[in-house]
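Analysis of the macromolecular model
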Amino acid sequence: MPLRRTALPAFAVLTLQALAIHGDHAFAAASSSGSGSGSYDTQHAVHWDAGGMDFAWDAKHTKNAYVASGAFNVNKTIVTGIKVANKGEIFVTVPRWFDGVPATLNKVALAADGGTAQNPVLTPWPSWDMNAIGNCSALQYLQSMEIDNDGIMWALDVGLVNTIGGPTSTTCPPKMVFIDTQTGDTVGDPYIFPNDVFNHTSGFPNDLVIDNAAQVAYISDTSDYGNGAIIVFDRINRKSRRFHDDTMKADTTGDIDWSSITYPQSSAGFQTTPQDGI
């Protein structure tokens, strides 16, 4: 599904609907939400050719050093979340499913002429240091984030690293970090989720939506071996609560058909995955 951007309101946000891969090419497609009025049509926002995505390296963080140490593997750089703020920047998340992901939160620039951005590099955002693995004050693993009507990003940090490639690092707890998209500065203190809300070794904060007026986030937890849950986080009162019901558990009664391929419930992961997105 393509995307075209024309006039967008202040702090309008484009939410990822599809990251399509056709052959050796990748295209990002999105839909809009946010405050104010405005209109847009659709076309591709970004396009990466064969060879994968690259990063905006600098003197302290060089590509050769990261490749040599295994800290960058282009085949493990997989975008899952994308938001576009009105000032013309695309924010993307690259979850640390495997080793080799230099930065889990990045931004890319939209094309100046409003067309498709060709092979844009990923710039670690808000900084390289804020994406440092093993620093629990930094971002460890972002799969989802939202931008509210005030331009504040709600960055949902899973905390776990190398969740698919293994062994999984459980050094850092799951947290919510607030970042001003205009300045890149953090806003207030991060919120560390209590262990009884998101288990610090097996919890998986997957997706979220925001109630802007109430400053509340609703988050899906796809962890605990099929026992999924919905987490409600109140930013104003800095409280969170876990809601669980048997209807949120994984359905293990049949196989899964996806893109003309049948995945049996015995396949790794499928039988233990509860509700996913919101």
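What comes next concerns the included structure. Since the structure is predicted, the reported quantities are computational estimates derived from the model, not experimental observations.

For the rest of this paragraph, the subject is the state of the cysteines. Under the counting rule described, the total for this entry stands at one disulfide. Here Cys136 pairs with Cys172 through a disulfide, and the sulfurs are 2.1 Å apart. Across the disulfide from Cys136 to Cys172, rotation about the S-S bond amounts to roughly -90 degrees, and the bridge is consequently left-handed. A residue pair is termed long-range when its members are at least 10 positions apart, and Cys136 in the loop between strand S8 (123-124) and strand S9 (142-147) and Cys172 in the loop between strand S10 (152-157) and strand S11 (175-180) qualify at 36 residues.

A word on the sheet that holds S9. Within a sheet, each strand pairs with its neighbour through backbone hydrogen bonds, oriented either parallel or antiparallel. The strand order across the open sheet formed by four strands is S9-S10-S11-S12, and the pairing between neighbours is antiparallel. What marks the edges here is a single partner per strand, and that holds for S9 and strand S12 (191-192). Examined bridge by bridge, S11 and S12 share two bridges and lie antiparallel to one another. Among the inter-strand pairings, Lys175 is bridged to a residue of S12, identified as Ile192.

What follows covers the packing of aromatic side chains. Evaluation of the coordinates by the stated rule reveals 15 aromatic pairs. Ring geometry for Trp154 against Phe178: centres 5.2 Å apart, planes inclined by 80 degrees, an arrangement best described as edge-to-face. Pair noted here: Trp154 is in strand S10 and Phe178 is in strand S11, with a separation of 24 residues, a long-range link. The residues Trp154 and Phe178 share a single accessibility class, namely buried. Cluster of aromatic residues (ring-pair linked, three or more members): Trp154, Phe178, Tyr191, Phe193, Phe198 and Phe233. We note Arg235 situated over the ring of Phe178; from NZ or CZ to the ring centre the distance is 4.3 Å.

What follows deals with the pairing of S11. Of all six residues that make up S11, six are buried, and the element is covered over most of its length. Judged by which residues are buried, S11 turns out to be covered on both faces: Lys175, Val177 and Ile179 on one side and Met176, Phe178 and Asp180 on the other are all buried. Pairing of S10 with S11, which is carried by six bridges, proceeds in the antiparallel orientation. Bridging from a neighbouring strand, Trp154 pairs with Phe178 of S11.

Next up on the list: the pairing of strand S15 (residues 229-234). For strand S14 (residues 216-221) and S15, the ladder comprises six bridges, and the chain directions are antiparallel. Its bridge partner lying in S15, Val216 is registered against Asp234. As judged from the five bridges shared by S15 and strand S16 (residues 239-243), these two strands associate in the antiparallel manner. Opposite Ile231, over in S16, you have Arg242 as the bridge partner. Counting the residues between successive antiparallel strands, the hairpin from S15 to S16 contains four residues, one of them, Arg238, with a positive phi of roughly 50 degrees.

Reading the values: the criteria
- Residues numbered from 1 in each chain as written.
- Predicted model: local features only at pLDDT ≥ 70, side-chain atom pairs only at ≥ 80, totals over all residues.
- Heavy atoms only, no water.
- Disulfide = S-S within 2.5 Å.
- Helix = DSSP H or I, 4+ residues; strand = E, 2+ residues; numbered from the N terminus.
- Pairing = 2+ DSSP bridges.
- Phe/Tyr/Trp six-rings, centres within 6.5 Å; stacked < 30°, edge-to-face > 60°.
- Buried < 20%, exposed > 50% of the residue type's maximum accessible area, 1.4 Å probe, protein only.
- Lys NZ or Arg CZ within 6 Å of the ring centre and 35° of its normal.

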